[in-house]
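Listed here are the chains, written in short residue letters.
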Amino acid sequence: MTFDRSVKIAPSILAADFANFGAEIEAVEAQGADWIHVDVMDGHFVPNLTFGPAMCKAIRPHIKTVMDVHLMIAPVDPYIDAFAEAGADVITAHVEAGPHIHRTVQAIRGAGAKAGVALNPATPASAVTHLLDMVDVICVMTVNPGFGGQKFIHSQIEKVRELRAMIGDRPIHIEIDGGVDPSTAPLVRAAGADVLVAGSAAFKGGSVSNPTPYGENIRAIRTAAENA
Ligand code: DX5
Ligand code: ZN
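Residues numbered from 1 in each chain as written. Chains lettered and ligands numbered in written order. Predicted model: local features only at pLDDT ≥ 70, side-chain atom pairs only at ≥ 80, totals over all residues. Heavy atoms only, no water.

A. Highlighting the coordination of the zinc ion (ligand 2). Bound to the zinc ion (ligand 2) are the protein donor atoms His37 (NE2), Asp39 (OD), His70 (ND1) and Asp177 (OD), situated 2.0 to 2.2 Å from the metal. Viewed at the metal, the six donor atoms of the zinc ion (ligand 2) are separated by angles of 69 to 170 degrees, and the geometry they form is octahedral. In primary sequence terms, the donor set of the zinc ion (ligand 2) follows H-x1-D-x30-H-x106-D. Of this pair, His70 sits in strand E3 (residues 66–72) while Asp177 sits in strand E7 (residues 173–177), and the two are 107 residues apart along the sequence. Given the relative accessible area of 1%, His70 is considered buried. (Donors = N, O, S within 2.8 Å, 3.2 Å for Na, K, Ca; no water. Tetrahedral: all angles 85-135°; square planar, octahedral: opposite > 155°, others 65-115°. Helix = DSSP H or I, 4+ residues; strand = E, 2+ residues; numbered from the N terminus. Buried < 20%, exposed > 50% of the residue type's maximum accessible area, 1.4 Å probe, protein only.)

B. The nonpolar core, seen in detail. Within the largest apolar cluster, 73 residues are counted, with the highest numbers of intra-cluster contacts made by Ile13, Ile138, Ile176 and Leu196. When near neighbours in sequence (up to four residues on either side) are disregarded, Leu196 contacts Val7, Lys8, Ile9, Ala10, Ile176, Val180, Ala185, Val188, Ile221 and Ala225. In terms of nonpolar packing, the next biggest core, distinct from the first, is built from seven residues, Ala10, Trp35, Val195 and Val197 among them. (Core = buried A, V, L, I, M, F, W, Y, C linked by side-chain atoms within 4.5 Å. Contact = heavy atoms within 4.5 Å.)

C. Local environment of the packing of aromatic side chains. The full count for this structure, using the stated rule, is four aromatic pairs. Ring geometry for Phe18 and Phe51: centres 5.9 Å apart, planes at 50 degrees, overall tilted. With Phe18 in the loop between strand E1 (8–11) and helix H1 (21–30) and Phe51 in the loop between strand E2 (35–41) and helix H2 (53–59), this pair connects stretches of sequence that are 33 residues apart. Classification of Phe51 as buried rests on a relative accessible area of 10%. (Phe/Tyr/Trp six-rings, centres within 6.5 Å; stacked < 30°, edge-to-face > 60°.)

D. Up close: the sheet that holds E1. Taken in spatial order, the eight strands of this open sheet run E1-E8-E7-E6-E5-E4-E3-E2, and their pairing is parallel. Sheet topology places E1 and E2 at the edges, where each strand pairs with a single neighbour. Each strand axis lies, on average, 25 degrees off the axis of its neighbour in the sheet, ignoring direction. Of the strands in this sheet, strand E5 (114–119), strand E6 (137–141) and E7 are in contact with helix H5 (residues 156–167), which crosses E6 at around 165 degrees. Strands E1 and strand E8 (195–198) of the sheet are contacted by helix H8 (residues 212–226), whose axis makes an angle of about 145 degrees with E1. (Pairing = 2+ DSSP bridges. Axes fitted to C-alpha atoms, helices over the stretch in contact; angles between N-to-C directions.)

E. Structural context of the site of ligand 1. In the region of ligand 1, 20 residues are neighbours, and Asp39, Gly146, Asp177, Gly199 and Ser200 sit closest. In this structure, an oxygen atom belonging to ligand 1 sits 3.0 Å away from a side-chain N or O atom of Ser12. Bound to the protein, ligand 1 loses 99% of the 380 Å² it would expose on its own. For the shell around ligand 1, the elements supplying multiple residues, two or more each, are E2, E3 and E8. Counting residues per element, the shell around ligand 1 draws most heavily on E2, at three residues. Split by residue class, the shell around ligand 1 holds eight nonpolar, 10 polar and two charged. (Near = heavy atom within 4 Å. Polar contact = N/O pair within 3.5 Å; in protein donor to acceptor, adjacent residues only side chain to side chain. Areas by Shrake-Rupley, 256 points an atom, 1.4 Å probe, with all protein chains shown as cover. Nonpolar A, V, L, I, M, F, W, Y, C, P; charged D, E, K, R; others polar.)

F. Examining unusual backbone geometry more closely. In this model, Ala74 is joined to Pro75 through a cis peptide bond whose omega is 0 degrees. Structurally, Pro75 can be placed in the loop between E3 and helix H3 (80–85).

G. View of the environment of Glu96. Within the element layout of this structure, Glu96 appears in the loop between strand E4 (90–94) and helix H4 (101–110). Glu96 sits 42 residues away from Ala54 along the chain, and the two C-alpha atoms are 25 Å apart. If near-sequence neighbours (up to four positions away) are discounted, Glu96 is found in contact with Phe45, Ala118, Leu119, Asn120 and Thr123. In this structure the side chain of Glu96 is engaged in a polar contact, spanning 2.9 Å, whose partner is the side chain of His94. Looking at Glu96, its side chain comes within polar contact range of the side chain of Thr123, at 2.6 Å.

H. Looking closely at H5. Here H5 is 12 residues long and its end C-alpha atoms lie 16 Å apart, about the 16 Å a rise of 1.5 Å per residue gives. Within H5, the full set of buried residues consists of Gln156, Ile157, Lys159, Val160, Leu163 and Ile167. Within H5, the buried residues cover an arc of 155 degrees as seen down the axis, which keeps them to one side. In this structure, the buried residues of H5 make contact with E5, E6, E7 and helix H6 (185–191). (Expected span 1.5 Å × (residues − 1). Arc of directions from axis to C-beta.)

I. Broad picture of the pattern of salt bridges. Inspection of the entire model under this criterion finds seven salt bridges. As a salt-bridge pair, Lys8 and Asp194 come within 3.1 Å of each other at their nearest N and O atoms. Pair noted here: Lys8 is in strand E1 and Asp194 is in the loop between H6 and E8, with a separation of 186 residues, a long-range link. For the residue pair Lys8 and Asp194, the accessibility class agrees, reading buried in each case. Members of the salt-bridge network, linked through shared partners, are Asp4, Lys8 and Asp194. (Salt bridge = Lys/Arg side-chain N within 4 Å of Asp/Glu carboxyl O.)

Shown next, in the form of structure tokens:
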């Protein structure tokens, strides 16, 4: 993974066909996805359940780009090695998931993955002030985590702007997760984001047997962001 601030679209497989992840990933990558976003939920930190490290390991051979694992679980630390061994390139933990996010970030990097920290909508940018020299990705949740297809929370744009200023020249990606579509993408791009997660807006209208809509969706989000 080389660092740059170009627009990257990261389809979330939460919006894919759960019976067909391998083929869905290959389809969406062929249609222009830059990263593959994998939403891990535990029914405890968030009110929904998805999948764990065994599923991540199973889909890994189908991912040619970047496997971006978003952990919405608490506790996090006991599972970091399993997700790293499953082949995650980026492992993102929530700052709200426990009292020791600094230790969690150290453990993620220690396991050989890029380290991400995610901020829920009510969490201020200042939560990462003392982590800036040790993280690779800051994920701004623009919905409350747990479900796809929710409405973008506009108050988070100001947080993105603050984070962009705090980051300065450091090689840290700002990732946006929740409610990203061609109308919201330019708002967060203009505020400083570079990685745009898109679930429903990326997968809508398409399927493994009809993947062209995936490409149209990805291009629409990318073009809107690049023209911001
Ligand atoms: C929400 C997840 C998101 C979700 C985004 O808890 O972290 O990644 O899949 O879905 P959309 O793009 O539909 O809001
Ligand atoms: Zn996510």
